[in-house]
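Letter by letter, the chains look like this.
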Amino acid sequence: MERSDILRAIAMVILMAVFIATLSYIHRQPAPRTISDAPVVSTSDDLSAELRRCRALGPQDAEDPHCQAVWEENRARFFGRPARPLLPQAAPATSSSTINVK
């Protein structure tokens, strides 16, 4: 047997091993999902309301820590991380000037 024949046989064996490994990977059974006993928290309405409130605040209140937490939670949900319930917060007092009506 020549050297090229041996190399060709080795290449065929490696190619068959890769093919069999690929097939076994494709046809394997998915792992069973574990069901959590924790209740599912549906706070999408709360989050949506908080997002609307924070959007309405404007640039003067961009550093509001609660709004930053709300936006971070929104990003977490977008990227598929599990939702955490947000603590409700009262709307911050606005510093609008009072109009005296006489």
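Residues numbered from 1 in each chain as written. Predicted model: local features only at pLDDT ≥ 70, side-chain atom pairs only at ≥ 80, totals over all residues. Heavy atoms only, no water.

1. A word on the overall build of the protein
Part 1 of the argument: Broken down by element type, the protein carries three helices and zero strands.
Part 2 of the argument: The proportion of buried residues among the 102 residues of the protein is 13%.
Part 3 of the argument: Excluding contacts between residues fewer than 6 apart, the proportion of contacts in the protein whose partners are at least 24 apart in sequence is 35%.
Part 4 of the argument: Taken as a whole, the protein presents about 9,500 Å² of accessible surface, with 62% of it coming from carbon and sulfur. (Helix = DSSP H or I, 4+ residues; strand = E, 2+ residues; numbered from the N terminus. Buried < 20%, exposed > 50% of the residue type's maximum accessible area, 1.4 Å probe, protein only. Contact = heavy atoms within 4.5 Å. Areas by Shrake-Rupley, 256 points an atom, 1.4 Å probe, with all protein chains shown as cover.)

2. Looking at helix α1 (residues 3–26)
Part 1 of the argument: Along its 24 residues, α1 runs 35 Å from first to last C-alpha, staying within 8% of the 34 Å computed at 1.5 Å per residue.
Part 2 of the argument: Across the 24 residues of α1, zero count as buried, placing the element largely on the outside. (Expected span 1.5 Å × (residues − 1).)

3. Some remarks on the confidence of the model for the protein
Part 1 of the argument: Across the protein, the average pLDDT comes to 75, with 67% of residues at or above 70.
Part 2 of the argument: Per-element confidence in the protein ranges from a low mean pLDDT of 79 for helix α2 (residues 44–57) to a high of 95 for α1.
Part 3 of the argument: Confidence over residues 93–98 falls short of pLDDT 50; this stretch has zero contacts with residues more than four positions distant or in other chains. (pLDDT = per-residue confidence, 0-100.)

4. A look at the environment of H66
Part 1 of the argument: Looking at the element boundaries, H66 is found in helix α3 (residues 65–78).
Part 2 of the argument: For H66, a relative accessible area of 14% corresponds to the buried category.
Part 3 of the argument: Spatially, the C-alpha atom of H66 lies 9.2 Å from that of E50, the residues being 16 residues apart in sequence.
Part 4 of the argument: Polar contacts involving the side chain of H66 include one to the side chain of E50, which spans 2.9 Å. (Polar contact = N/O pair within 3.5 Å; in protein donor to acceptor, adjacent residues only side chain to side chain.)

5. A look at the pattern of salt bridges
Part 1 of the argument: Taken as a whole and judged by the stated rule, the model has five salt bridges.
Part 2 of the argument: Here D5 and R8 are joined by a salt bridge, their closest N and O atoms 3.8 Å apart. In this pair, D5 and R8 both sit in helix α1, three residues apart, roughly one turn of the helix.
Part 3 of the argument: Given the relative accessible area of 34%, D5 is considered partly exposed.
Part 4 of the argument: R8 gets classed as exposed once you look at its relative accessible area, which sits at 53%.
Part 5 of the argument: Residues R77 and E73 are paired through a salt bridge, measuring 3.5 Å at the closest nitrogen-oxygen approach. Of this pair, R77 and E73 both sit in helix α3, four residues apart, which is roughly one turn of the helix.
Part 6 of the argument: Under the relative-accessibility criterion, E73 is labelled buried at 0%. (Salt bridge = Lys/Arg side-chain N within 4 Å of Asp/Glu carboxyl O.)

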